Structure formats: structure tokens, C-alpha cells
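Structural features, examined
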Amino acid sequence: MMKVGLTGGIGSGKSTVAKIFAALGVPVYHADKKAKELMETSAELIQQIKDHFSENAYENGKLNTRFLAGAVFQDKEKMALLNGIVHPYTLQDAKEWMQKQNHPYAIKEAALIFESGSQGEYDLIIGIQAPHPLRLLRTMKRDKTEREKVLERMDNQLDESIKMKLCDIIIENNEQQLLLPQVLALHEKLMSMYAKRPHD
């Protein structure tokens, strides 16, 4: 089985592309969603977050996302600290999930593949590319938040142009090129790549 990473900056459309792959029967692991789940279910992880960010990080047994976001989004060091605490748990969970899949290829959708240094775990990485103004508008609309807050979050991610250069394959999600034909063509390519590989 091939391990495929799917990444892109905030508002690039990773989730939309992941949904298309899932509709094609491809197993998809959503790292951001799983990280939030682990932050509420792993006792060890919960304790580490409380130790570093205070008991206020949780409220009635639930992650206090408002408090945590306020603590990290304007502080790159605290953001790096939080990611450094959470990433090992997500990476391990994703590894275990990958081992259970039996499709020709499985996808891990994650915003921070390169930032977490986990790019070596994949056979190839797909990047979703979209213009900065479009990503900004999409995120403002999706999260119902103001421009400045989205820009702060963008600043905490690796520059989009650098990220795309590091990817093996690019999907353009710029509202000029249709998304579905690009994903279908890539699916066929990946299935073909798998078929040509030596199998045990």
C-alpha cells in the first residue's frame, strides 16, 4: 500500500479534495480532526496540555478551544510548543491507522506535514494550491472570523510557495480549473503506480 500525504495552507481546500478521494473509496485520515479528538480522549496528552497551558485549557472535561487559541495564535513559540506536544500522538495514531488499511493507497490529510518533519513517512505528497486572497476569503467565510485573525493563522504556517515546491504533485484549487477532473486523474495515476509496484 502507498502512503500519500495531502497538504496545503489554510483555506486551500484540503478537506474538499479529501472528501472527493473518500467518495472514490480511498481511506482518508484527517489529522487535524483526529488531533482535536486525541486532545479530549488521551489522558496523558490532556495532562501535558494542562501542565503547559494551565487547567483553563479544559472546561467541563472538554477542550477550551477559545482559551487555547487565544494563548497560541499570537505567540509563535507557544504555537510551536502546542504542536510539539500534540504531534507525536497524532503521528503515532496515524501510523497505526495506516497499518490497518488494505487499499492500494491511503491518504493522510494534514496541514503541517513539513512543519512537523514527517514528510519522510510518505511515498508521495499532494499539495493543494490556491491564491492567497482566495484562501483568505474562504477561511473568513468558513470560520466566520475577521481578516486579521486569519492572517495571524496564515503567518503561523510555512509559506505556501515553499510548501508547494516540496510537494510531489500539485492540485490547483483556484476556481479557474475544475477540481474534480484533477482529482479523478490523480486517482487513476496513483492506482496505476500501485499496480506497477512489486508486491509481496
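Residues numbered from 1 in each chain as written. Predicted model: local features only at pLDDT ≥ 70, side-chain atom pairs only at ≥ 80, totals over all residues. Heavy atoms only, no water.

Concerning the pattern of salt bridges
Keep this limit in mind: Basic side-chain nitrogens of Lys or Arg form a salt bridge, by our definition, when they fall within 4 Å of a carboxyl oxygen of Asp or Glu. Strands are runs of DSSP state E lasting at least two residues, helices are runs of H or I lasting at least four, and both sets are numbered from the N terminus onward.
One pass over the full model with this rule turns up seven salt bridges. Across the salt bridge formed by Lys 34 and Glu 37, the nearest N and O atoms sit 2.8 Å from each other. Here the residue Lys 34 and the residue Glu 37 both occupy positions in helix 2 (residues 31-41), the gap between them amounting to three residues, near one helical turn. Glu 175 is paired through a salt bridge with Arg 138; the nearest N and O atoms lie 3.8 Å apart. Residue Glu 175 is found in the loop between strand 7 (169-172) and helix 9 (179-196), and its partner Arg 138 is found in helix 6 (residues 132-143); the two are separated by 37 residues along the sequence.

A look at the packing of helix 1 (residues 14-23) against helix 9
In plain terms, the rule: What counts as an axis is a line fitted to C-alpha atoms, over the stretch in contact for a helix, and the angles between N-to-C directions run from 0 to 180 degrees. The labels follow the angle: roughly parallel below 35 degrees, roughly antiparallel above 145, roughly perpendicular from 65 to 115, and oblique for the rest. By the definition used in this description, the sense in which the near helix is turned from the far one sets the handedness, with an anticlockwise turn below a right angle giving left-handed and a clockwise turn giving right-handed. Should any heavy atoms of two residues lie within 4.5 Å, those residues are counted as being in contact. Residues are grouped as follows: Ala, Val, Leu, Ile, Met, Phe, Trp, Tyr, Cys and Pro are nonpolar; Asp, Glu, Lys and Arg are charged; all remaining types, including Gly, are polar.
Across the interface, helix 1 lies against helix 9 with an axial gap of 10 Å and an inter-helix angle of 55°. The orientation of helix 1 with respect to helix 9, classified from their angle, is oblique. The crossing of helix 1 and helix 9 is right-handed. Mapping the contact onto sequence places Thr 16, Val 17, Ile 20 and Phe 21 in helix 1 and Leu 179, Leu 180, Val 183, Leu 186, His 187 and Leu 190 in helix 9. Looking at the contact of helix 1 with helix 9 residue by residue, the class counts come to eight nonpolar, two polar and no charged.

A few points about the nonpolar core
Where we set the bar: By convention a nonpolar core is built from buried Ala, Val, Leu, Ile, Met, Phe, Trp, Tyr and Cys residues, the set being connected through side-chain atoms within 4.5 Å. The cut-offs for exposure are 20% and 50% of the maximum accessible area for each residue type, with area from a 1.4 Å probe on protein chains only; residues under the lower value are buried, those over the upper are exposed, and the others partly exposed.
Val 17, Phe 21, Tyr 105, Ile 107, Ile 126, Ile 171 and Leu 190 are the most contacted members of the largest nonpolar core, which totals 20 residues. Every element with two or more residues in this core is listed here: strand 1 (2-7), helix 1, strand 5 (105-109), strand 6 (124-129), strand 7 and helix 9. In this structure Ile 171 touches Val 17, Ile 126, Gly 127, Ile 128, Gln 129, Leu 179, Gln 182, Val 183 and Leu 186, once residues within four positions along its chain are discounted. Within the second largest apolar cluster, 17 residues are counted, among which are Ala 35, Ile 46, Phe 53 and Met 79.

Looking at the side chain of Lys 108
Let me state the cut-off plainly: We treat Lys and Arg as the positive residues and Asp and Glu as the negative residues; His and chain ends play no part in the count.
Mapped onto the secondary structure, Lys 108 falls in strand 5. Within the buried set, Lys 108 has no salt-bridge partner at all; the shortest N-O distance to an opposite charge, 5.3 Å, is to Glu 121. If sequence neighbours within four positions are ignored, Lys 108 has contacts with Val 4, Gly 5, Leu 6, Tyr 29, Ala 31, Leu 91, Ala 94, Met 98, Ile 113 and Tyr 122.

Observations concerning the packing of helix 3 (residues 43-53) against helix 5 (residues 76-100)
Working note: a packed helix pair is described by the angle between its axes plus the distance between those axes. It is the contact of helix 3 with helix 5, at a shortest axis distance of 10 Å, that shows an interaxial angle of 170°. Regarding the angle of helix 3 to helix 5, the classification is roughly antiparallel. At the point where helix 3 passes helix 5, the crossing takes the right-handed sense. Residues Glu 44, Leu 45, Gln 48, Ile 49, His 52 and Phe 53 of helix 3 touch helix 5, and the partners they reach there are Lys 78, Leu 81, Leu 82, Ile 85, Val 86 and Tyr 89. When its residues are assigned to classes, the contact of helix 3 with helix 5 shows eight nonpolar, two polar and two charged.

Observations regarding the sheet that holds strand 2 (residues 28-30)
Spelled out, the test is: Strands pair, by our definition, only if DSSP identifies at least two bridges between them.
Strand order in the open sheet formed by five strands is 2-5-1-6-7, and the pairing between neighbours is parallel. Every other strand in the sheet has two partners, leaving strand 2 and strand 7 as the edge strands with one partner each. Within the sheet, the average angular offset between the axes of one strand and its neighbour, ignoring direction, is 20°. This element, helix 9, spans strand 1, strand 5, strand 6 and strand 7 of the sheet and lies at about 160° to strand 7.

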